[in-house]
Amino acid sequence: MTGRPSTDVRPITQPQTCPPKTQHTPPEERRRAGKAPYRHIIGIGDSNLPYPTPPSVISYSLFLLLSGLLFTLAERLWPRQPQPIARKGYALDIVYIFNAEVVGALVSIWLGRMYGTHFLQWREPLGLTALARQPEWLQLAALLLVKDFLQWNIHNLLHRVPALWEFHKTHHSTEVMDWLSNWRFHWFEIVFYQTILYLPANLLGMSPTVTFGCAVISTTIGHFAHANLRWRVGPLKYIINSPEMHLWHHVHPDAGPQNRNFAISLALWDWLFHTAYAPAQAPKRLGIIDAKTT
Ligand SMILES: [Zn+2]
Ligand SMILES: [Zn+2]
């Protein structure tokens, strides 16, 4: 057994230093990285880059393609009424794809990464530090619930305030509905929604994966609610938005009551606040008086 080299022996008077600690990754980050491979598929969860990464743009494009194919196929198999894929206004609605909620969510993620450090002091008093320690499915449920209730209220305002209706009537100008109608919104509405709904969540430290997931779920339910599908959802109509209720939100003033069914993702707000309207039959006519699509 050899002795320790004399150079290792330090005088007793020399300040003792602690051995350097090994690089420590917080348990929460280790858990997320190890048990959530979908984060890599989504492509935005683990990146520290201050902008949506190419994988996130690819993920979004794949989501657009896949959801479009699935809803187009479902509408061919279970149509509520016969109508061609290239129905009236089809080309216009394809242009509106670039005006989507998920795009706004990605921009909010980018802004959150750029400027979120200025809002750190607000996370604790608002309870977001505690929320960030919860599993991502719980964060997602919380964000979806809060965002949807805010959006339900905004949707009310868009119908009841004449100046805001000028923007929202673009969405109601559609006269033949299918899943693609979910894209037709005035660009101001997208800016308005995202600024109020997604940007605070990102500035206050909400996980980008959660934000992105919330936007994808909300958009998918929106596609379903607008789809030309004869599916009825039974008792679930009290929980989620569906074609049988959202068609009546789009009813033409000559064909049914106005200002009903403001639901975006969750129909429960309409049942709670007595704005639900769900007769058994579909409306005879959709659209608005003097439709404009700009
Ligand atoms: Zn509306
Ligand atoms: Zn709609």
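Criteria and cut-off values
- Residues numbered from 1 in each chain as written.
- Chains lettered and ligands numbered in written order.
- Predicted model: local features only at pLDDT ≥ 70, side-chain atom pairs only at ≥ 80, totals over all residues.
- Helix = DSSP H or I, 4+ residues; strand = E, 2+ residues; numbered from the N terminus.
- Buried ≥ 20, exposed ≤ 12 C-beta atoms within 10 Å, placed from the backbone.
- Contact = placed C-beta atoms within 7 Å.
- pLDDT = per-residue confidence, 0-100.
- Core = buried A, V, L, I, M, F, W, Y, C linked by C-beta atoms within 7 Å.
- Axes fitted to C-alpha atoms, helices over the stretch in contact; angles between N-to-C directions.
- Parallel < 35°, antiparallel > 145°, perpendicular 65-115°, else oblique.
- Left-handed = near helix turned anticlockwise from the far one by under 90°.
- Nonpolar A, V, L, I, M, F, W, Y, C, P; charged D, E, K, R; others polar.

Regarding the overall build of the protein
- On a plain count of helices and strands, the protein comes out with 12 helices and 0 strands.
- The linear arrangement of helices and strands in the protein, starting from the amino end, is α-α-α-α-α-α-α-α-α-α-α-α.
- Looking at the protein as a whole, 32% of its 294 residues qualify as buried.
- Here the contacts in the protein between residues at least 6 apart in sequence split such that 73% fall between residues at least 24 apart.

A short note on the confidence of the model for the protein
- Looking at the protein, the pLDDT average stands at 77 and 70% of residues meet or exceed 70.
- For the protein, the element scoring lowest by mean pLDDT is helix 1 (residues 27-35), at 49; helix 12 (residues 268-272) scores highest, at 97.
- Confidence drops under pLDDT 50 across residues 1-26; counting only partners more than four residues distant or on other chains, this segment forms 2 contacts.
- Counting contacts from residues 43-47, a segment whose pLDDT is below 50, to residues more than four positions away or on other chains yields 18 contacts.

What to know about the environment of Tyr90
- Mapped onto the elements, Tyr90 comes out in helix 4 (residues 90-95).
- With 15 C-beta atoms packed within 10 Å, Tyr90 lands in the partly exposed category.
- Taking the C-alpha atoms as reference, Tyr90 lies 9.6 Å from Met177; in sequence the two are 87 residues apart.

Considerations on the nonpolar core
- Ranked by internal contacts, the top residues of the largest apolar core, which has 13 residues, are Trp152, Met245, Trp248, Ala263, Leu266, Ala267 and Trp269.
- Of the residues forming this core, the biggest block, 3 residues, is contributed by helix 11 (residues 243-249).
- Setting aside chain neighbours within four positions, we find Trp248 in contact with Gly256, Arg260, Asn261, Tyr277 and Pro283.

What to know about the packing of helix 7 (residues 136-160) against helix 10 (residues 208-226)
- Where helix 7 meets helix 10, the axes come as close as 9 Å, and the angle between the chain directions of the two elements is 55 degrees. Compared by their axis directions, helix 7 and helix 10 come out oblique. Taken as a pair, helix 7 and helix 10 cross one another with a handedness that is right-handed. Along the contact surface, helix 7 presents Glu136, Gln139, Leu140, Leu143, Leu144 and Lys147, while helix 10 presents Thr209, Val210, Gly213, Cys214 and Ile217.
- Split by residue class, the contact of helix 7 with helix 10 holds 6 nonpolar, 3 polar and 2 charged.

Looking at unusual backbone geometry
- Its identity as a non-glycine residue notwithstanding, Asn259 has a phi of 55 degrees, on the positive side.
- Within the element layout of this structure, Asn259 appears in the loop between helix 11 and helix 12.
- Of the residues examined, Asn259 has 11 C-beta atoms within 10 Å and is grouped as exposed.
- Even without glycine at this site, His274 takes up a positive phi of about 60 degrees.
- Take His274: it is sitting in the segment after helix 12.
- Judged by C-beta crowding, with 8 C-beta atoms within 10 Å, His274 ranks as exposed.

Some details on the packing of helix 7 against helix 8 (residues 162-172)
- It is the contact of helix 7 with helix 8, at a shortest axis distance of 6 Å, that shows an interaxial angle of 105 degrees. With respect to helix 8, the element helix 7 is oriented roughly perpendicular. Where helix 7 approaches helix 8, its residues Leu157, Leu158 and His159 are matched on the opposing element by Leu164, Trp165 and His168.
- Considered class by class, the residues forming the contact of helix 7 with helix 8 number 4 nonpolar, 2 polar and no charged.

A closer look at the environment of Arg80
- Here Arg80 lies in the loop between helix 3 (54-77) and helix 4.
- Apart from the residues within four sequence positions on either side, Arg80 is in contact with Asn228, Leu229, Arg230, Pro243 and Ala282.

Regarding the environment of His226
- If you trace the backbone, His226 turns up in helix 10.
- Not counting residues within four places of it along the chain, the set of residues in contact with His226 comprises Met177, Asp178, Trp179, Ser181, Asn182 and His246.

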